[in-house]
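Here's the letter readout for the chains.
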2 protein chains.
Amino acid sequence: MKDVHNYDRDPDGSLYDPRVRAAMADFAGDPADPLTLLTFEAGAAVRTAYHSVERMRAHGSQGRGVSAGALDLLIRLNGSDAGISIGDLARAAGVSSRNVTGLVDTLENDGLVRRVPDPGDRRSVLARITPAGRAWIEAFREPSRLAMRAMFQGFSAEELVVFRDLCLRMAANQHHLADRLSHLSQNGEQP
Amino acid sequence: MKDVHNYDRDPDGSLYDPRVRAAMADFAGDPADPLTLLTFEAGAAVRTAYHSVERMRAHGSQGRGVSAGALDLLIRLNGSDAGISIGDLARAAGVSSRNVTGLVDTLENDGLVRRVPDPGDRRSVLARITPAGRAWIEAFREPSRLAMRAMFQGFSAEELVVFRDLCLRMAANQHHLADRLSHLSQNGEQP
DNA sequence: TCGTAGTTATGTACGTCCTTCATGGTAAGA
DNA sequence: TCTTACCATGAAGGACGTACATAACTACGA
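Basis of the calculations
Residues numbered from 1 in each chain as written. Chains lettered and ligands numbered in written order. Predicted model: local features only at pLDDT ≥ 70, side-chain atom pairs only at ≥ 80, totals over all residues. Heavy atoms only, no water. Axes fitted to C-alpha atoms, helices over the stretch in contact; angles between N-to-C directions. Helix = DSSP H or I, 4+ residues; strand = E, 2+ residues; numbered from the N terminus. Parallel < 35°, antiparallel > 145°, perpendicular 65-115°, else oblique. Contact = heavy atoms within 4.5 Å. Nonpolar A, V, L, I, M, F, W, Y, C, P; charged D, E, K, R; others polar. Expected span 1.5 Å × (residues − 1). Buried < 20%, exposed > 50% of the residue type's maximum accessible area, 1.4 Å probe, protein only. Arc of directions from axis to C-beta. Phe/Tyr/Trp six-rings, centres within 6.5 Å; stacked < 30°, edge-to-face > 60°. Lys NZ or Arg CZ within 6 Å of the ring centre and 35° of its normal. Pairing = 2+ DSSP bridges.

**Q** Help me out: how do you make sense of the packing of helix α3 (residues 69-78) of chain B against helix α6 (residues 131-151) of chain B in this one?
**A** Think of two packed helices as two axes; the pair is described by the angle between the axes and how far apart they sit. Residue and element names in this part refer to chain B. Direction vectors running N to C along α3 and α6 enclose 110°, while the axes themselves pass 10 Å from each other. Regarding the angle of α3 to α6, the classification is roughly perpendicular. Contact residues: Leu71, Leu74, Ile75 and Asn78 in α3; Gly133, Arg134, Trp136, Ile137, Phe140 and Arg141 in α6. Grouping the constituent residues of the contact of α3 with α6 by class yields six nonpolar, two polar and two charged.

**Q** Looking at this structure, how should I read helix α5 (residues 97-109) of chain A?
**A** The periodicity of an α-helix, 3.6 residues per turn, causes residues three or four positions apart to be oriented the same way. All names here are of chain A. Look at α5: 18 Å from first C-alpha to last across 13 residues, which is about the 18 Å you get at 1.5 Å a residue. Along α5, the residues that are buried comprise Val100, Leu103, Val104 and Leu107. Projected down its long axis, α5 shows its buried positions confined to an angular sector of 100°, all on one face. Opposite the buried face of α5, by more than 90 degrees, sit the exposed residues Arg98 and Asn109. Here the buried face of α5 lies against α3 (69-78), α4 (86-93), β2 (113-117) and β3 (125-129). A positive phi of about 80° marks glycine 111, the residue just after α5.

**Q** What am I meant to see in the packing of aromatic side chains here?
**A** Where two aromatic rings form a pair, the distance of their centres and the angle of their planes describe that pair. According to the stated counting rule, one finds eight aromatic pairs over all chains in the structure shown. Here a set of aromatic residues connected by ring pairs shows up, and it is made of Phe152, Phe155 and Phe163 of chain A together with Phe152, Phe155 and Phe163 of chain B. Over the face of the ring belonging to phenylalanine 155 of chain B we find arginine 169 of chain A, whose NZ or CZ atom lies 4.5 Å from the ring centre.

**Q** Mind showing me how you'd approach the sheet that holds strand β1 (residues 84-85) of chain A here?
**A** Neighbouring strands of a sheet are bound in pairs by backbone hydrogen bonds; such pairs are parallel or else antiparallel. Residues and elements named next belong to chain A. Read across the sheet, three strands follow the order β1-β3-β2 without closing on themselves; strand pairing throughout is antiparallel. Of all strands in the sheet, those bounded by a partner on one side alone are β1 and β2. Of the pairings in the sheet, the one linking β2 to β3 comprises five bridges and is antiparallel in character. For arginine 115, the partnering residue across the bridge sits in β3 and is alanine 127. Together, β1, β2 and β3 form the strand contacts of α3, whose direction differs from that of β3 by roughly 85°.

What follows is the structure, given as structure tokens:
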């Protein structure tokens, strides 16, 4: 190994705006402890786990015109009779509204979702699941259940709860940080 | 609620090959217990967590011509002096070799990686990290560390270990299952 | 009432990841 | 030798996701 570099000064200014760096360091707290390696490993593990989930899902909804992001929307819409606006779907899923528009397009082409005008706001469009969409969900439920059970084979209920909550805490941290950063760049250059 | 459908027969033959279904059910074990909801929640949570990681990573490597999959490769290559073959990289990352070829293309265009012939096998090509690639990694290390620390803000060392291991157990399950399924479809139609 | 600022969905244009299939070059075992 | 298998890559395509611009519409203040 080489000796340790001096990371106290920015090795490459273009990587992060100093304000961003400061905000992160501030948010992260004490920067000099041994948890770092673990966080890298955990980050990589999440990526691996996600790919596993996606591969299972791809296998399950194979050749049926619905996949990944679209399925997320369909499941959300299955819980609502009146329908959900594009913007609300985007906020709930944490993606851009343009992306949701595209996903709803494909679902609508497949007849699983229908666009209806929002009676309360004429700018807004509600996506509403169709009977065919509900039938699709119904048919998907059991194979999906089997696949998920297989994915989490050997996990106890407690482990599942812990796992879910750790994932969500991560996401909350990221959301919080993104909020701070965007808020920070909206305001003046120097506080 | 409506009454329960009869899921003992396949509600839609095109969803899963019966052999695949049987293999999954067999692998998953007892199908009639209350863990199912938790597995769905956990699956969705993984997806959310992954998006958080990706967003952080995108923020960090922004505008530097390296992202996600390419970064994974670069980090792997940083650990090897001689270089790693395309096929080995693909197997290690769990993606198609064609995909790795493309990622190495972009890294090579950026000057971070170089292709060298494999002295032991003239079919094979080794990807080897360049000094510029190592410098990139070096510059990326600290901001990335801060970002990861922020992502896992509030996680104890024990929680990180548990989280990492749960992710990897998931991936192992999926891998195991995929092996069984491919093995199953390679052999005859009826066992 | 009018005008302005903000919101909503969507068109356009991109970039990235990942896949399958086909192909020419190469290794290795019959 | 010759047949089979493996290796990287060309070609083509699907899906996800982004940013920016725009037309329709709402809401709020003068």
